[in-house]
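# A structural walkthrough
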Amino acid sequence: ADVSVEAAHARSLRGLFAMALPGGSVGVHGFPVLATVLFVWDATHIFWVDERAVPASSPDSNFGLADSLWLRKSGASLSSLHPMNADSPDLNGAATAYGDELVRILGKTPRLDLVLLGVGPDGHVASLFPGHRALSEENQFALPIVDAPKPPPRRLTLTLPILANAERVIVMALGSSKTAVMQEALEKSDSQLPVSLVLRHASRPVVLLDEEAGARV
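Structure report, in brief. As the structure is a computational prediction, the values presented were derived from the model and not from experiment.

This part covers the overall build of the protein. When helices and strands are tallied, the protein shows 7 helices and 8 strands. Against the globule reference of 17 Å for 217 residues, the protein gives a C-alpha radius of gyration of 16 Å, in line with a compact fold. Projected onto its principal axes, the C-alpha positions of the protein cover 40 × 40 × 35 Å. Going through the 217 residues of the protein one by one, you find that 53% of them count as buried. Across the protein, every contact between residues at least 6 apart in sequence was considered, and the portion connecting residues at least 24 apart equals 72%. Just so you have it, the protein exposes about 9,900 Å², and 53% of that area is on carbon and sulfur atoms. Looking at the protein, you have 18 positive and 23 negative side-chain charges, and the mean spots of the two groups are 1 Å apart.

In structure tokens, the structure reads:
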């Protein structure tokens, strides 16, 4: 998918372009590429698919990663950036506030134009982990996670409905640790892995695999 084309199409339809970013290896590889795209920043809004309960200065911060590899030098205005307040002591309040921010920018039924997702070796996307009760959320746009099975346990995440409802969903998997889950996601029609659920419900999904992650598909 050509991000510049997606952005131009979204702006022509509704006057703005909204995308949600991950962290991790997808951010490390993807943000320098996004830095080469010319965005119309007064009509662009950047959200995050999830965030760890750490300050923005932490090396574990998804916002911090995007800021250091792309946004700080991009010319983006503060009004274009919508980081998650995941280090708030009130995670419930922070999740509600993030949902309200999505509604403020994108309307009562917010729809993102582009969601970029990485995949964990267990098949998780954002901070939606296999078998977690957060996968069944149907009404809220963002949720607090206090018991993530990998550190840190406290996080904020967008929910499955808003991720899968995006106009375009790009799932990127890199490395041999993702081989098995991507084989299941692409070949098993009843898989309950979070990555499988997103891909199955998305209207226009794109899957990007490196040679190792795609070795069995």
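There is more to say, and it comes next.
For the structure shown, the criterion picks out 7 aromatic pairs. Summarising the aromatic geometry, the rings of Phe39 and Trp70 are spaced 5.6 Å apart at their centres and angled 40 degrees between planes, so their arrangement reads as tilted. Here Trp70 lies in the loop between helix H3 (62-69) and helix H4 (91-106) and Phe39 lies in the loop between helix H2 (24-34) and strand E2 (44-48), a separation of 31 residues in the sequence. Judged by relative accessible area, Phe39 falls into the buried class, the value being 9%. In this structure Trp70 comes out as buried when scored by relative accessible area, which is 4%. When the ring of Phe47 is compared with that of Tyr98, the centres are 6.0 Å apart and the planes differ by 85 degrees; the resulting orientation is edge-to-face. Here Phe47 is found in strand E2, whereas its partner Tyr98 is found in helix H4, with 51 residues between them in sequence. Site record: aromatic cluster; members linked through ring pairs are Phe17, Phe31, Phe39, Trp41 and Trp70.

What follows deals with the side chain of Ser80. Mapped onto the elements, Ser80 comes out in the loop between H3 and H4. The residues touching Ser80, leaving out its near neighbours within four places in the chain, are Trp41, Thr44, His45 and Ile46.

Here Glu51 is to be found in strand E3 (residues 50-52). Sequence-distant contacts of Glu51, defined by excluding residues within four places in its chain, comprise Asp60, Ser61, Asn62, Phe63, Met84, Ala86, Arg155 and Leu156. Here Asn62 takes part through its backbone nitrogen, which lies 2.8 Å from a polar atom of the side chain of Glu51.

Attention now goes to the side chain of Arg168. Residue position: Arg168 is located in strand E7 (residues 168-173). Within polar-contact distance, the side chain of Arg168 engages the side chain of Glu6 at 3.1 Å.

Looking now at unusual backbone geometry. A cis amide bond, omega -10 degrees, links Pro151 with the succeeding residue Pro152. Its place among the elements puts Pro152 in the loop between strand E5 (142-145) and strand E6 (155-158). Residues other than glycine seldom take positive phi values, yet Ala126 does so here, at roughly 50 degrees. Its location among the elements puts Ala126 in the loop between strand E4 (114-118) and E5. Judged by relative accessible area, which is 10%, Ala126 ranks as buried.

What follows concerns the sheet that holds strand E1 (residues 17-21). Reading across the sheet, the 5 strands line up as E2-E1-E4-E7-E8 and stay open at both edges, with parallel pairing between neighbours. Unpaired on one side and paired on the other, E2 and strand E8 (205-209) mark the two borders of the sheet. Direction aside, neighbouring strands of the sheet carry axes that sit 15 degrees apart on average. Two elements, E1 and E2, share 5 bridges in a ladder whose sense is parallel. Directly across from Phe17, in E2, lies its bridge partner Thr44.

The rules behind the values
- Residues numbered from 1 in each chain as written.
- Predicted model: local features only at pLDDT ≥ 70, side-chain atom pairs only at ≥ 80, totals over all residues.
- Heavy atoms only, no water.
- Helix = DSSP H or I, 4+ residues; strand = E, 2+ residues; numbered from the N terminus.
- Rg over C-alpha atoms; globule rule 2.2 N^0.38 Å.
- Buried < 20%, exposed > 50% of the residue type's maximum accessible area, 1.4 Å probe, protein only.
- Contact = heavy atoms within 4.5 Å.
- Areas by Shrake-Rupley, 256 points an atom, 1.4 Å probe, with all protein chains shown as cover.
- Lys, Arg positive; Asp, Glu negative; His and termini not counted.
- Charge placed at Lys NZ, Arg CZ, Asp CG, Glu CD.
- Phe/Tyr/Trp six-rings, centres within 6.5 Å; stacked < 30°, edge-to-face > 60°.
- Polar contact = N/O pair within 3.5 Å; in protein donor to acceptor, adjacent residues only side chain to side chain.
- Pairing = 2+ DSSP bridges.
- Axes fitted to C-alpha atoms, helices over the stretch in contact; angles between N-to-C directions.

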